[in-house]
Amino acid sequence: RKVKKEEESCSVFSRIKSFCVTHVAMADREERRFAEVSRDSIKLMAESTGVDLADDVAALLAEDVCYRLREAAQTSSQFMRHAKRRKLTVEDLNRALRWSNVEVNPTCLSAVCGYGAQDVLPFRSVKEGEFFFVEDREINLIELALATNIPKGCAETMVRVNVAYLDGKGNVEPQGTVPTAVQTLSDDLLKYYQQVTRAILGEDPHLMKMALLDLQSNSKIAALLPYFVYVISGVKSVSHDLEQLNRLLHMVKSLVQNPYLYLGSYVRSLVSSVMYCILEPLAASINPLNDHWTLRDYAALLLSHIFWTHGDLVSGLYHQILLSLQKVLSDPVRPLCSHYGAVVGLHALGWK
């Protein structure tokens, strides 16, 4: 009996040992299935936005980021399976983030996540392969502006003139309507657009000043307004180049000061580009040698000038702009450059 009991205890012990080993191996395999963001990666990302994190804070943040990434991946895969697909798309991840009540960028229709293009992302390694980053592609703004796929501004409009006259008894008798066709862009206007764009975005400062002065006083460029607004909206593509950003802001000022131009709905796009230069942590601000502070000062004064000269067009945007500035100023996560932009923006709009 004693030998039998010893054999049974050894059998139970071996089973427990086998179960523990199997459980640990399964847990190890389960843990390896998930990607983990290291503490050093979190600190590097924070430093790129101007925030210096302590080691313990970075460790806690890395743990929270890993959890949220796993949650987003699981939810997005559920959306993929419900759609009966095998390929996970960017929209699946956007839906997962909206499902988790992730704050969405107010300037976009959906969360800015994923990559929708067909090209492969060019990853580069630093520090002997410890970290990887996506290298930003340099964009030639002149080629972008002079591309053949520039969107036509607004749709064609028909102007109808009601013709009427007074008869002998003082009654108004209408005589129908007279349609007038909209004129298309002439070769001279297209040539003017190309020359002005090259001059402003080129390397000759004298030509740039001449082009800006002409853009400020020319009375025959109303048809080119959507084209120039399209070029100015490229501020996000050249956030690493302070010189190009300065030139685009000067183009905004020239268009705003032209007394022969009616900005209409295009003023919203111009204000959006100016606000981007004021509040966003530009790629050029990572280098402490770049004087992006002066750019933000000039953009804030330009914003104030737009409100003073085109108050009837931007009256609906005033409250929205104030809320945006206040939100950035009270957000402790935003970097110092964004807080500075909010301060100079509020100061430029006046004490009221």
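Residues numbered from 1 in each chain as written. Predicted model: local features only at pLDDT ≥ 70, side-chain atom pairs only at ≥ 80, totals over all residues. Heavy atoms only, no water.

Its UniProt record gives the protein chain a comment under Subcellular location (unreviewed entry), which states: "Nucleus". (UniProt positions renumbered as here; feature names shortened; annotations may be inferred.)

Asks: Account for the overall build of the protein chain, with residues named and values stated.
Replies: When helices and strands are tallied, the protein chain shows 13 helices and four strands. The proportion of buried residues among the 352 residues of the protein chain is 30%. Restricting to contacts in the protein chain with at least 6 residues of sequence separation, those with at least 24 account for 57%. When the accessible surface of the protein chain is totalled, it reaches about 24400 Å², and 56% of it is carbon and sulfur. (Helix = DSSP H or I, 4+ residues; strand = E, 2+ residues; numbered from the N terminus. Buried < 20%, exposed > 50% of the residue type's maximum accessible area, 1.4 Å probe, protein only. Contact = heavy atoms within 4.5 Å. Areas by Shrake-Rupley, 256 points an atom, 1.4 Å probe, with all protein chains shown as cover.)

Asks: Got a sec to walk through the pattern of salt bridges? Specific residues and values, please.
Replies: Applying the stated criterion across every chain yields a total of five salt bridges. Among the ionic pairs, Asp55 bridges to Lys43, the shortest N-O distance being 2.8 Å. With Asp55 in helix H3 (residues 55-82) and Lys43 in helix H2 (residues 39-48), this pair connects stretches of sequence that are 12 residues apart. The class of Asp55 is partly exposed, set by a relative accessible area of 41%. Of the charged contacts in the structure, one is a salt bridge between Asp64 and Arg68, with a shortest N-O distance of 2.9 Å. Here Arg68 and Asp64 lie together in helix H3, a separation of four residues that amounts to about one turn. By relative accessible area, which is 31% here, Asp64 ends up partly exposed. (Salt bridge = Lys/Arg side-chain N within 4 Å of Asp/Glu carboxyl O.)

Asks: Give me the lowdown on unusual backbone geometry, citing residues and values where you can.
Replies: Backbone geometry follows two general trends: most residues other than glycine have a negative phi, and most peptide bonds adopt the trans configuration. Unlike most non-glycine residues, Lys84 shows phi in positive territory, near 60 degrees. With respect to the element layout, Lys84 can be found in the loop between H3 and helix H4 (90-99). The class for Lys84 is exposed, based on a relative accessible area of 78%.

Asks: Got a sec to walk through helix H12 (residues 311-329)? Specific residues and values, please.
Replies: At Leu317, H12 is deflected by roughly 50 degrees, the largest bend along its length. Turning to H12, its buried residues number three or more, namely Leu313, Val314, Leu317, Ile321, Leu325 and Val328. Buried residues along H12 sit against helix H10 (266-279), helix H11 (292-309) and helix H13 (336-349). (Bend = angle between axes of the 7 residues up to and from the residue.)

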